[in-house]
Amino acid sequence: MDNPHPTLETQRLLLRPFTMQDAPKVYEYLSDSRIPVRMHRIPNPCTMEWVEHYLYKAIHEDPEIGRFQFALARKSDGELVGRMNIRVAAEHQRAEIGYWIGVPHWGNGYATEAGKRILQYGFESLGVQRIIGTVYSHNRASAQVLQKLGMRYEITRRQDTYKNGVFEDSEIYGILRGEFIV
Amino acid sequence: VIATDIFEAERLILRPVRPTDHDRVQGLIDDYDVAANTMSIPHPLPEGHAATWLHRGDDNPDSFLFIVALKSDDLPIGTIGLHRDAENLSGTIGYLIGRDYRNAGYATEALRRIIRFGFETLGLNRIEADHFTRNPASGRVMHKAGMKCEGVLRQHIFKWNVLEDIAVYSILREEYIKL
């Protein structure tokens, strides 16, 4: 692959690779517990050390593994507003997306806007046949984003993750190549 | 891990693998239907495959594999395994029963016994299993063992050049204790 960490564009957003300079802003967003309680992998409370390790791994990820992390930057002023990733399970020709948006930027449609572009990237550039997204069942706003992206509700995995002393239900949404409309 | 205990059911036992089982298990899994309905068994089956296949999880502390044998003669009629996700206190079951032993309720009996193992011996909170939707008989076995269908993941598994739908079943600790 000649462009290992791609940059994509939407109307309002630049989906670019992370740099270590993003760490303070990412830490600021992830310090609001409303993000980590919705994200399985992000510790609650979050730490700067965790953020730096997370960004370091994202920046140095071998693209051959098929995991791509995008910083969502607002084009008008360069402000980092969130993060979206896509990871490929090549043996099953599918990918999974995940994301968070910093709380001050909720309600602006950034996740839907970036998600459309990432789905297109997944189907057209990565060549997968199916893309899924998983949300905790209590995260209705995120479930709505996935539906707005054209993803269909498929399953509720009951109590399938254990986080901060609670078993959480997860919903999986999926879209097939033939269902995706640019 | 390498299992050491024996778990008794009504007509069956779940017991550790022994070297003398290899040839017989090779015969059970050298079968188009068995291979078509499981994730990890190739067809045609290479000679001696069972010997390595049966021990693929020996070094993994979260892998538990048992021979399903008839109490009457202790010979393998199938295998059943549980893979633990220790972080989330959950487990995933996979099993197969040889062609000559189908439709006798052995799969249901073995599944019930390993569910008990998962909750009572390992202390899990959730146990799941899945099947290709083109093989609904497997879903009936899961239902009979007390599991509930959670939904269908569309075109989720690429096997033998086909994108297959899978149905996911689960049972929770709170449901198990009421059975």
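Residues numbered from 1 in each chain as written. Chains lettered and ligands numbered in written order. Predicted model: local features only at pLDDT ≥ 70, side-chain atom pairs only at ≥ 80, totals over all residues. Heavy atoms only, no water.

Colleague: Hey, could you run me through the interface of chain B and chain A in this one?
Modeller: Reports of interface size often rely on the accessible area that becomes lost once the parts have come together. Every contact between the two is made by 23 residues of chain B and, on the other side, 25 residues of chain A. Counting the contacts that link chain B with chain A gives 6 salt bridges. The partner of E87 of chain B in a salt bridge is R41 of chain A, with the nearest N and O atoms 3.7 Å apart. Viewed at the interface, chain A and chain B are joined by 17 residue pairs in polar contact (both at pLDDT 80 or more). Counting residues per element, the ones that place at least two in the side of chain B that touches chain A are β6 (126-132), β7 (148-159), β8 (162-172) and α6 (173-176) of chain B. The element that contributes the greatest number of residues to the side of chain B that touches chain A is β7 of chain B, accounting for 10 residues. When the residues that make up the side of chain B that touches chain A are grouped by side-chain class, the tally is 9 nonpolar, 6 polar and 8 charged. (Contact = heavy atoms within 4.5 Å. Salt bridge = Lys/Arg side-chain N within 4 Å of Asp/Glu carboxyl O. Polar contact = N/O pair within 3.5 Å; in protein donor to acceptor, adjacent residues only side chain to side chain. Helix = DSSP H or I, 4+ residues; strand = E, 2+ residues; numbered from the N terminus. Nonpolar A, V, L, I, M, F, W, Y, C, P; charged D, E, K, R; others polar.)

Colleague: Teacher, can you tell me more about the layout of surface pockets here?
Modeller: Leftover empty space is mapped by rolling, across the atoms, a probe with the size of a water molecule. Its volume calculated, the second largest pocket comes out at about 160 Å³. Taken together, the residues that form the lining of the second largest pocket break down as 8 nonpolar, 3 polar and 1 charged. (1 Å grid on protein atoms, 1.4 Å probe; cavity = no way out; pocket = protein on both sides within 12 Å on 5 of 7 lines; lining within 4 Å. Points joined across faces, edges and corners; volume = space filled by probe spheres on them.)

Colleague: Can you help me understand helix α3 (residues 110-125) of chain A in this one?
Modeller: Residue and element names in this part refer to chain A. An ideal rise of 1.5 Å per residue puts 22 Å on 16 residues; α3 measures up with 22 Å between its terminal C-alpha atoms. Residues of α3 that are buried include every one of Y110, A111, T112, E113, A114, G115, I118, L119, Y121, G122 and F123, and no others. Looking at the residues trailing α3, positive phi occurs at G127, about 75°. (Expected span 1.5 Å × (residues − 1). Buried < 20%, exposed > 50% of the residue type's maximum accessible area, 1.4 Å probe, protein only.)

Colleague: Explain unusual backbone geometry here, please?
Modeller: What you tend to see is this: most non-glycine residues have negative phi, and most peptide bonds are trans. Here the residue pair N44 of chain A and P45 of chain A is connected by a cis peptide bond, since its omega of 5° sits within 30 degrees of zero. That bond from H43 of chain B to P44 of chain B is cis: its omega, 0°, falls within 30 degrees of zero. Assignment of secondary structure puts P44 of chain B in the loop between α2 (32-36) and α3 (49-53). At L89 of chain B, a position not held by glycine, the phi torsion is positive, near 50°. Inspection of the secondary structure assignment puts L89 of chain B in the loop between β4 (76-85) and β5 (90-97). Even without glycine at this site, Q155 of chain B takes up a positive phi of about 50°. Owing to a relative accessible area of 26%, Q155 of chain B belongs among the partly exposed residues under this scheme.

Colleague: What should I look at first to understand the pairing of β8 of chain B in this one?
Modeller: A regular strand carries its side chains on alternate faces of the sheet. Residues and elements named next belong to chain B. Most of β8 is tucked away: 8 of the 11 residues are buried. Note: β6 against β8, 7 bridges, orientation antiparallel. Counted as the bridge partner of R126 is L172 from β8. In this structure, the hairpin formed by β7 and β8 is closed by a connection of 2 residues, where W160 is found at a positive phi of approximately 50°. (Pairing = 2+ DSSP bridges.)

Colleague: Explanation requested: the packing of helix α4 (residues 106-121) of chain B against helix α5 (residues 136-144) of chain B in the structure shown.
Modeller: When two helices pack together, their arrangement is given by the angle between the helix axes and by the axis-to-axis distance. Residue and element names in this part refer to chain B. Relative to each other, α4 and α5 sit at 45°, their axes nearing to 9 Å. With respect to each other, α4 and α5 are oriented oblique. The crossing of α4 and α5 is right-handed. Contacts from A107, T108, L111 and R112 in α4 reach V141, M142 and K144 in α5. (Axes fitted to C-alpha atoms, helices over the stretch in contact; angles between N-to-C directions. Parallel < 35°, antiparallel > 145°, perpendicular 65-115°, else oblique. Left-handed = near helix turned anticlockwise from the far one by under 90°.)

Colleague: Help me understand the side chain of N125 of chain B, please; the structure alone is not making it clear to me.
Modeller: Mapped onto the elements, N125 of chain B comes out in the loop between α4 and β6. Here the side chain of N125 of chain B touches Q159 of chain A through a polar contact of 2.9 Å, side chain to side chain. Excluding residues that lie within four positions of it along the chain, N125 of chain B makes contacts with Q159 and F167 of chain A together with L89, F119, I171, L172 and R173 of chain B.

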